[in-house]
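One-letter residues, chain by chain:
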Amino acid sequence: MAMTEAVGDAEVPAEVEAAALTAAACLFHGFSDPARLTIVQHLALGEHRVVDLTAHLGLAQSTVSKHLACLKDCGLTSTRPQGRASMWSLNHPEAVMELLAAAEKLLGLTGDAVTLCPSNREVLP
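Here the residue numbering is sequential within each chain, running from 1 through the sequence in written order. For this predicted model, a pLDDT threshold of at least 70 governs which residues receive local features, and a threshold of 80 or more governs which side-chain atom pairs are given and counted, while totals over whole chains, interfaces and linings are taken from all residues. Note that water and hydrogens are dropped before the side-chain values are worked out from all heavy atoms of the structure.

Undergrad: Could you give an account of the pattern of salt bridges, naming the residues involved and the relevant values?
TA: Salt bridge, as applied in this entry: a Lys or Arg side-chain nitrogen positioned within 4 Å of an Asp or Glu carboxyl oxygen. Going through the model one piece at a time under the given rule, you end up with 2 salt bridges. Its salt-bridge partner being Arg-80, residue Glu-47 comes within 2.7 Å of it at the nearest N-O pair. Separated by 33 residues along the polypeptide, Glu-47 in the loop between helix H2 (34–44) and helix H3 (50–57) and Arg-80 in strand S1 (residues 77–82) bring together distant segments of the chain. A simple rule labels every residue: compare its accessible area, found with a 1.4 Å probe on the protein chains alone, to the largest value its type can have, and call it buried under 20%, exposed over 50%, or partly exposed in between. Since its relative accessible area comes to 35%, Glu-47 is described here as partly exposed. Under the scheme used here, helices are H or I runs from DSSP no shorter than 4 residues and strands are E runs no shorter than 2 residues, and both carry numbers assigned from the N terminus.

The following block contains the structure:
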């Protein structure tokens, strides 16, 4: 089932619908950390090494590597060797940027409601 199909479609088996929703939740979890979103924005500009991202973000190398591993596990990034370093890139940059643009549009429509939600308190600094 696509996430944009009507909920409760009688032709979609419950297991298929549940699996699709679980996959979508996992995808959104990949974007749920501000540092990961910042990494995605940097990678949208082109390939980066971990050391470059560390310098841009001001985060520890281990933290950046952990976030990159999460994004890779989600299928959003990949690496290629370059000498002793690895170059990180987005797998589907156009689709990722379309998703982020849609999120910005939705945030514009909802205003501060998402930041006021009690369930989101752990995300906020």
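Undergrad: Mind laying out helix H1 (residues 14–30), listing which residues take part and the relevant values?
TA: The first and last C-alpha atoms of H1 sit 25 Å apart over 17 residues, in line with the 24 Å expected at 1.5 Å per residue. For H1, the complete set of buried residues consists of Glu-17, Ala-20, Ala-24 and Gly-30. Buried residues of H1, viewed axially, fall in a sector of 140°; they line one side. Residues of H1 that are exposed and point over 90 degrees away from its buried face: Ala-14 and Glu-15. Buried residues belonging to H1 abut H2 and helix H4 (61–73). Helix span, expected: 1.5 Å multiplied by one less than the number of residues in the helix. The arc in question is formed by the directions pointing from the helix axis toward the C-beta atoms. In what follows, a contact means two residues having at least one pair of non-hydrogen atoms within 4.5 Å.

Undergrad: Please set out the nonpolar core residue by residue, giving values where relevant.
TA: Ile-39, Val-40, Leu-43, Val-64, Leu-68 and Val-96 are the most contacted members of the largest nonpolar core, which has 15 residues in total. For this core, the elements supplying multiple residues, two or more each, are H2, H3, H4, strand S2 (85–90) and helix H5 (93–110). Not counting the four nearest positions on each side in its chain, Val-96 is found in contact with Phe-31, Val-40, Leu-76 and Leu-90. Each nonpolar core is a collection of buried residues, namely Ala, Val, Leu, Ile, Met, Phe, Trp, Tyr and Cys, held together in the definition by side-chain atoms within 4.5 Å.

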